[in-house]
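Summary of the model geometry
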Amino acid sequence: MKYSGWPDSGELVVGKIDEIEDFGVFVDLEEYEDKRGLIHISEVASGWIKNVRDHVREGQIVVCKVLDVDKDSQQIDLSLKDVNDHQRSEKIQQWKNEQKADNWMELALGEDADDETYTAIANELIGAHGSLYDGFKQAAIHGDEALEDTDLSDEEIDSIVDTARENVSVPYVNVTGYVDLENPSPSGVDGIREALEAAEGNGEVPEEVDLEVSYVGAPEYRIEVQAPNYKTAESQLEESAERAIAAIEEEGGEGEYHRERRTDEE
């Protein structure tokens, strides 16, 4: 997807070097439709430049800073030397991510989708999450909920979520905690079983969370949570333990949550 407008001054843009002259370098902007910029020789590199071709080559992908935009004269002034290595690496990764998202859009909408439909849906994702890539990423993590504030149809949302979950690699974090469960009441083992089922959520754990409860050694049980971020993981871990403790107390037993393992190693 390419933007139809103009870049802003100070913005970092990705471009491909199209033409090299003694006075500077012409660059085709990869993110904007039919937009071309000029890197003056003084903005190619710091210090005195004898030959521009010692610093750049035709066809090279570069990251530039937009110095000035003159829409009347259709001119965009760029700088190559004002972009540091960190900015360059970050911008290139962002650009590559958007290219991936562009391909995901084609998978979600089908090859026959017209430009108007594509643009309308893309704008909804960008408006909700800042970029196409982040729109798909959030859809992969949170499902329909990530797109509930958009004007997309149920069919479009389902297609985007399905595509996202098939193609987006989402980073996850893992946390572990422990709960001690003791039940001297007549319900005994059955009461503990009820508490463990409560800990597992009874089917109410969010889709993006993987939660497992396993036996360590009486009276200790391990709760393992995998989630998209630590805040969610820690929250689900504590809620799991709280459910187990509440359930065992209803049976007349006792429960205690702790983060470190207490029983001997298996």
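Residues numbered from 1 in each chain as written. Predicted model: local features only at pLDDT ≥ 70, side-chain atom pairs only at ≥ 80, totals over all residues. Heavy atoms only, no water.

The four strands lie next to each other as β7-β8-β6-β9, forming an open sheet whose pairing is antiparallel. What marks the edges here is a single partner per strand, and that holds for β7 (210–217) and β9 (254–258). Ignoring which end each strand starts from, the neighbouring axes of this sheet average 25° apart. Here five bridges tie strand β6 (residues 173–182) to β9, and the two strands are oriented antiparallel to one another. Following the sheet pairing, Leu181 is matched in β9 by Gly255. (Pairing = 2+ DSSP bridges. Helix = DSSP H or I, 4+ residues; strand = E, 2+ residues; numbered from the N terminus. Axes fitted to C-alpha atoms, helices over the stretch in contact; angles between N-to-C directions.)

Moving on to the UniProt feature "domain: S1 motif" (unreviewed entry) in the protein chain. According to UniProt, the positions carrying the feature "domain: S1 motif" (unreviewed entry) are residues 10–81. Helix makes up 0% of residues 10–81 and strand 50%, and the two end C-alpha atoms of the span are 13 Å apart. (UniProt positions renumbered as here; feature names shortened; annotations may be inferred.)

All right, on to the sheet that holds strand β2 (residues 24–29) then. Strand order in the closed barrel formed by five strands is β1-β2-β3-β5-β4, with mixed pairing between adjacent strands. Within this sheet the neighbouring strands show an average axis-to-axis angle of 50°, counted without direction. Examined bridge by bridge, strand β1 (residues 12–21) and strand β4 (residues 61–70) share five bridges and lie antiparallel to one another. Along β4, the bridge assignment pairs Leu12 with Lys65. This element, helix α1 (residues 85–109), spans β1 and β4 of the sheet and lies at about 100° to β1. (Contact = heavy atoms within 4.5 Å.)

Before going further, it helps to spend a moment on the packing of aromatic side chains. Inspection of the entire model under this criterion finds five aromatic pairs. A ring pair is formed by Phe23 and Phe26, whose centres lie 6.0 Å apart and whose planes are at 85°; its orientation type is edge-to-face. Among the aromatic side chains, those forming a connected cluster through ring pairs are Trp104, Tyr133 and Phe136. Looking at Lys35, its charged tip hangs above the ring of Trp6, at a distance of 4.7 Å from the centre. (Phe/Tyr/Trp six-rings, centres within 6.5 Å; stacked < 30°, edge-to-face > 60°. Lys NZ or Arg CZ within 6 Å of the ring centre and 35° of its normal.)

Our focus in this paragraph is the pattern of salt bridges. Scanning all chains against the criterion turns up eleven salt bridges. For the salt bridge of Asp18 with Arg36, the shortest nitrogen-to-oxygen distance reads 2.5 Å. Note that Asp18 is positioned in strand β1 and Arg36 in strand β3 (residues 36–40), a separation of 18 residues in sequence. By relative accessible area, which is 33% here, Arg36 ends up partly exposed. A salt bridge links Arg262 to Asp180, with the nearest nitrogen and oxygen atoms 3.1 Å apart. A residue pair is termed long-range when its members are at least 10 positions apart, and Arg262 in the segment after β9 and Asp180 in strand β6 qualify at 82 residues. (Salt bridge = Lys/Arg side-chain N within 4 Å of Asp/Glu carboxyl O. Buried < 20%, exposed > 50% of the residue type's maximum accessible area, 1.4 Å probe, protein only.)

Turning our attention to unusual backbone geometry. Across the junction of Ala218 and Pro219, the peptide omega takes the value 5°, indicating a cis bond. The residue Pro219 is located in the loop between β7 and β8 (220–227) in this model. You will see that Gln74, though not glycine, has its phi angle at about 60°, which is positive. Relative to the assigned elements, Gln74 resides in the loop between β4 and β5 (75–79).

You can see Ser79 is positioned in strand β5. A distance of 3.2 Å separates the side chain of Ser79 from the backbone nitrogen of Asp82, its partner in a polar contact. Here Ser79 is in contact with Ile39, Glu43, Cys64, Lys65 and Leu67, once residues within four sequence places are set aside. (Polar contact = N/O pair within 3.5 Å; in protein donor to acceptor, adjacent residues only side chain to side chain.)

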